[in-house]
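# Structure assessment
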Amino acid sequence: MIINMLEDYVPESQEVDMEMIKKSANFRKKRYVDAVFVGECVEKNRNGKGVMRYRTGRVYEGDWLNDLRHGHGYERYANNNVYFGSFETGKAHGQGHYTWNHSGEIYDG
């Protein structure tokens, strides 16, 4: 599943352009115990655009700064709930759109 390093990954959002990321001088692939990252890195830290996919099925597509989610992004959690919006220092923060998968309820704010 995630062991293929996301070679043929098709983004779920418009937050990342995989072809542009692969052409970046900072393009890297990183393996973690429970996840894989493909995207831009500076001095071993995730910086720029990238995709992180976890063994659980959770995925994040978007901006990174100093190895943390930071900027704008899309995250689908293991339970298939989705958050699309702003991130700061690794967490959803500020303006965003959250959709609960089981009920279809939406929070926008």
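Keep in mind it's a predicted model, so treat the numbers as computed, not measured.

## As for the packing of aromatic side chains
Applying the stated criterion across every chain, the model contains six aromatic pairs. Pairwise contacts between aromatic rings join Phe 37, Tyr 60, Trp 64, Tyr 83 and Phe 87 into one cluster. For Arg 58, the ring lying beneath its charged end belongs to Tyr 54, and the centroid distance is 4.7 Å.

## A short note on the side chain of Asp 63
Structurally, the position occupied by Asp 63 is in strand β4 (residues 59-65). Among the polar contacts made by the side chain of Asp 63, one reaches the side chain of Lys 49 at a distance of 2.9 Å. A polar side-chain atom of Asp 63 sits 2.8 Å from the main-chain amide nitrogen of His 72. Apart from the residues lying within four places of it in its own chain, the contact partners of Asp 63 are Gly 48, Lys 49, Leu 68, Arg 69, His 70, Gly 71 and His 72.

## Considering the sheet that holds β4
Reading across from one edge, β1-β2-β3-β4-β5-β6-β7-β8 is the order of the eight strands in this open sheet, with antiparallel pairing throughout. Looking along the sheet, the strands with just one partner apiece sit at the ends: β1 (27-31) and β8 (106-108). With direction set aside, neighbouring strand axes in the sheet form an average angle of 20°. Sheet topology places strand β3 (residues 45-54) next to β4; six bridges connect them, and they run antiparallel.

## Focus on the nonpolar core
The biggest cluster of nonpolar side chains holds 11 residues, and these are Leu 6, Tyr 9, Val 16, Met 18, Ile 21, Phe 27, Val 36, Val 38, Val 51, Val 59 and Tyr 74. Not counting residues within four places of it along the chain, the set of residues in contact with Phe 27 comprises Ile 21, Lys 22, Val 38 and Gly 39. Counting residues in hydrophobic clusters, the runner-up holds nine residues, among them Ala 35, Cys 41, Met 52 and Tyr 83.

## Points about the side chain of Glu 15
Residue placement: Glu 15 occurs in the segment before α1 (18-23). Buried and without a salt bridge, Glu 15 has Lys 49 as its closest oppositely charged side chain, separated by 4.3 Å. With sequence-adjacent residues up to four places away left out, Glu 15 is seen in contact with Lys 49, Glu 61, Gly 62, His 72, Gly 73, Tyr 74 and Phe 84.

## Notes on the pairing of β4
Counting buried positions along β4 yields six of seven residues, so the element is predominantly enclosed. Between β4 and the antiparallel strand that follows it, strand β5 (residues 68-76), lie two residues; Asn 66 among them carries a positive phi value of about 50°.

Reading guide: rules and limits
Residues numbered from 1 in each chain as written. Predicted model: local features only at pLDDT ≥ 70, side-chain atom pairs only at ≥ 80, totals over all residues. Heavy atoms only, no water. Phe/Tyr/Trp six-rings, centres within 6.5 Å; stacked < 30°, edge-to-face > 60°. Lys NZ or Arg CZ within 6 Å of the ring centre and 35° of its normal. Helix = DSSP H or I, 4+ residues; strand = E, 2+ residues; numbered from the N terminus. Polar contact = N/O pair within 3.5 Å; in protein donor to acceptor, adjacent residues only side chain to side chain. Contact = heavy atoms within 4.5 Å. Pairing = 2+ DSSP bridges. Axes fitted to C-alpha atoms, helices over the stretch in contact; angles between N-to-C directions. Core = buried A, V, L, I, M, F, W, Y, C linked by side-chain atoms within 4.5 Å. Buried < 20%, exposed > 50% of the residue type's maximum accessible area, 1.4 Å probe, protein only. Lys, Arg positive; Asp, Glu negative; His and termini not counted. Salt bridge = Lys/Arg side-chain N within 4 Å of Asp/Glu carboxyl O.

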